[in-house]
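# Descriptive structure summary
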Amino acid sequence: MMGFDPNFHYVGMTFNPEAFADMKDKYFMLSGRGYPDTVNQGPITTTAADGVRRPSQPLPSLIQINRTAGQTRALLRISDLSVTEFTTLGTVGIPMTVIAQNARLLRDMAGNNLYYDTNSITLGGGESADVILDASNVPNGTYYLYSTNLDHLSNDAENFGGMMTEDPGLLGSP
């Protein structure tokens, strides 16, 4: 999870002093992409100054659980790279089990699991969580992983974009 402040970026490009206190993210992304680009499976390319198209974001952020291939779960490591915002990431319809926080398994001193089930997780800058999405008892359909912070579901106050991706349809019978 990350955000981008175009004003802060522009000031940095012009070699002016950057006022960190004024930084405010306006474009929110998952794996370097904003919705609807989060559901594109291929690389995102841009044209460079020399006229050649090159991948600017080769990694996808689409989550697919294909039950016909024997898959019922997905393990995600969610990291918040924003320095200006706390972000809550949630799911509806697919159970989320948190198994680790900040790269440390949730276990007590005796080795007992302290995993917990939830439908959302809130992270601040530099924090991470490992979660398992379990679709074994979930009906076929499209399910979303998205920020519950409403301003994170837009691109600079536009009504479209932001921090959301989807499973475009669980395949196979539940």
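Report follows, based on the coordinates. (Residues numbered from 1 in each chain as written. Predicted model: local features only at pLDDT ≥ 70, side-chain atom pairs only at ≥ 80, totals over all residues. Heavy atoms only, no water.)

### Structural notes on the overall build of the protein
Condition: The helix count covers DSSP runs of H or I at least four residues long, the strand count covers runs of E at least two residues long, and both are numbered beginning at the N terminus. Residue exposure ignores everything except the shown protein chains as possible cover, and the areas themselves are Shrake-Rupley values with a 1.4 Å probe.
The number of helices and strands found in the protein is 1 helix and 13 strands. The N-to-C order of helical and strand elements in the protein reads β-α-β-β-β-β-β-β-β-β-β-β-β-β. Of the roughly 10000 Å² of accessible surface on the protein, 55% is carried by carbon and sulfur atoms.

### With respect to the nonpolar core
This is how it is decided: Put simply, buried Ala, Val, Leu, Ile, Met, Phe, Trp, Tyr and Cys residues joined by side-chain atoms within 4.5 Å make one nonpolar core. In this scheme, a residue with accessible area under 20% of its type's maximum is buried, one over 50% is exposed, and one in between is partly exposed, where area comes from a 1.4 Å probe on protein chains only. Only heavy atoms enter the contact rule, under which two residues are in contact if any of them lie within 4.5 Å.
If you look at the biggest cluster of nonpolar residues, it comprises 23 residues, and the most contacted ones within it are Met-1, Leu-76, Ile-78, Leu-89 and Ile-121. If sequence neighbours within four positions are ignored, Leu-76 has contacts with Ile-63, Ala-129, Asp-130, Val-131, Leu-133 and Leu-145.

### Section: the pattern of salt bridges
Side chains carrying opposite charge are able to pair once their charged atoms draw close together. Using the following cut-off: Here, a salt bridge means any side-chain nitrogen of Lys or Arg that lies within 4 Å of a carboxyl oxygen of Asp or Glu.
One pass over the structure, following the stated rule, counts 2 salt bridges. A salt bridge links Asp-50 to Arg-54, with the nearest nitrogen and oxygen atoms 2.9 Å apart. Among the ionic pairs, Arg-77 bridges to Asp-130, the shortest N-O distance being 2.7 Å. Note that Arg-77 is positioned in strand 5 (residues 73–79) and Asp-130 in strand 11 (residues 128–134), a separation of 53 residues in sequence. Taking relative accessible area as the criterion, Asp-130 reaches 11% and is therefore assigned buried.

### Brief notes about the environment of Lys-26
Mapped onto the secondary structure, Lys-26 falls in the loop between helix 1 (6–13) and strand 2 (27–29). When its relative accessible area of 26% is taken as the criterion, Lys-26 is described as partly exposed. Sequence separation of Lys-26 and Leu-153 is 127 residues, and the distance between their C-alpha atoms is 10.0 Å.

### A word on the side chain of Thr-87
Take Thr-87: it is sitting in strand 6 (residues 87–91). Among residues more than four places away in sequence, those in contact with Thr-87 are Met-1, Asp-80, Ile-121, Thr-122, Leu-123, Ser-147, Asn-149, His-152 and Met-163.

### Description of unusual backbone geometry
The step from Tyr-35 to Pro-36 runs through a cis peptide bond, and the omega angle for that step is 10°. For Asn-102, which is not a glycine, the phi torsion comes out positive at approximately 50°. Along the chain, Asn-102 falls in the loop between strand 7 (96–101) and strand 8 (104–105).

### Describing the side chain of Ser-82
Note the threshold: Polar contact is the term for a pair of N or O atoms within 3.5 Å; when the atoms are in protein, one must be able to donate a hydrogen and the other to accept it, and sequence-neighboring residues count only if both atoms are side-chain atoms.
Inspection of the secondary structure puts Ser-82 in the loop between strand 5 and strand 6. One polar contact links the side chain of Ser-82 to the main-chain amide nitrogen of Glu-85, over a distance of 3.2 Å. Discounting residues that sit within four places of it in the chain, Ser-82 has contacts with Met-1, Met-2, Gly-3, Asp-25 and Gly-125.

### Description of the pairing of strand 10 (residues 120–123)
What counts, and what does not: Between any two strands, at least two bridges found by DSSP are needed for them to pair.
Alternating residues of strand 10 divide into Ile-121 and Leu-123, all buried, and Ser-120 and Thr-122, none buried. Examined bridge by bridge, strand 6 and strand 10 share 4 bridges and lie antiparallel to one another. Note on strand 10: the bridge partner recorded for Thr-88 is Thr-122.

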